[in-house]
Amino acid sequence: REDEVVVNDVGLPPWAKKPEDFVRINRMALESEFVSCQLHQWIDLIFGYKQRGPEAVRALNVFHYLTYEGSVNLDSITDPVLREAMEAQIQNFGQTPSQLLIEPHPPRSSAMHLCFLPQSPLMFKDQMQQDVIMVLKFPSNSPVTHVAANTLPHLTIPAVVTVTCSRLFAVNRWHNTVGLRGAPGYSLDQAHHLPIEMDPLIANNSGVNKRQITDLVDQSIQINAHCFVVTADNRYILICGFWDKSFRVYSTETGKLTQIVFGHWDVVTCLARSESYIGGDCYIVSGSRDATLLLWYWSGRHHIIGDNPNSSDYPAPRAVLTGHDHEVVCVSVCAELGLVISGA
């Protein structure tokens, strides 16, 4: 023991006195359906995305830096004393296995999910929530700063669009057919699926460049939720903060720039979208360091700022709003009430 008293035997509970019972009961536990359903979480910790980086910190799964693969090149250390010290530390702390996965390992399909998930017992509620949260995270190790949920069933692509601080965005498909037992469209086959799925281009690591906004923003801008707006059909994303005092429109399908909008005398610091009319028309408000706000009209038919596609290079704002003395940092707009609220 810690007080150096020698322990000759280990005290076992009554049910474990017989070795065969001890082995049998432990095997029943370790090979049970419940443990099997949770096995993917262990894989995430040892070999997966929770092994290192921010997710490892969140999971309290952080070890000495020398234990991680590739953290130090012993061949490059010429000082024999330093090399010996490094080797001794590595031998003392042990070695972390190779990281094999950078996204969550899928859970095993199980009868427990099919039978219990629709009723959401406590043992699965937290896991379900964690699985949904993980869909919205990325291999980029960059925090998610903006979330837009346009999930109405009539949309072509009901989705939750997320954007990270590194301006990597994802279109995570939302399944409206997944619901409680007895709801329209519900089926037992879908009972163990999440209502949301990871963007396939991000999951396959094949379209990261397509999803990355690489245009340079002003160095003084700190990327936050107010820098982004997603249209109601999830097809376009508007971003501000660029050094040329513009805000820009990108296609979420192709990742390509479709429009650059000028109007402010200084860097645009925030954007907001009103509720949409039939056809997708809505108002967009931009706030700037020039202490003004501009009200724009988004055409759902032409997918541009402005009414006329022939003059999309130089759209005119519907109104110029003044009153602030300093940089506008946040704004909200309601078309139904005809109100714009801004903060500086």
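Basis of the calculations
- Sequence order as written defines the numbering, with residues in each chain counted from 1.
- Local features are withheld for residues below a pLDDT of 70 in this predicted model, meaning they are given only at 70 or higher, and side-chain atom pairs are given and counted only at 80 or more; totals for whole chains, interfaces and linings count all residues.
- Note that water and hydrogens are dropped before the side-chain values are worked out from all heavy atoms of the structure.
- Only strands that DSSP links by at least two bridges are regarded as paired with each other.
- Helix and strand assignments come from DSSP, with helices taken as H or I runs of at least 4 residues and strands as E runs of at least 2, each series counted from the N terminus.
- The convention used is that axes are lines fitted to C-alpha atoms, helices contributing only their stretch in contact, and that angles between N-to-C directions extend from 0 to 180 degrees.
- The salt bridge definition used is simple: a Lys or Arg side-chain nitrogen within 4 Å of an Asp or Glu carboxyl oxygen.
- Throughout, exposure labels follow a simple rule: accessible area from a 1.4 Å probe, protein chains only, divided by the maximum for the residue type, with under 20% read as buried, over 50% as exposed, and the rest as partly exposed.

In the annotation of an unreviewed UniProt entry, the protein chain is listed under the name Neurobeachin and assigned to Mustela putorius furo.

With antiparallel pairing, the 3 strands of this open sheet are ordered in space as E1-E2-E3. The open sheet has two edge strands, strand E1 (144-150) and strand E3 (169-173), and neither has a second partner. When the angles between neighbouring strand axes are averaged without regard to direction, this sheet yields 20 degrees.

Here the focus is the pattern of salt bridges. Per the stated rule, a full pass over the model turns up 10 salt bridges. The salt bridge involving Glu55 is made with Arg58; its shortest N-O contact spans 3.5 Å. Separated by 3 residues within a single helix, Glu55 and Arg58 lie in helix H3 (residues 54-58), roughly one turn from each other. A salt bridge links Asp199 to Arg211; the shortest N-O distance between them is 2.8 Å. Here Asp199, found in the loop between E3 and helix H7 (200-203), pairs with Arg211, found in helix H8 (residues 208-211); they are 12 residues apart in sequence, far enough to count as distant. Both residues of the pair, Asp199 and Arg211, belong to the buried class. Each of Asp75, Arg83 and Glu87 takes part in salt bridges that share partners, so that together they form one network.

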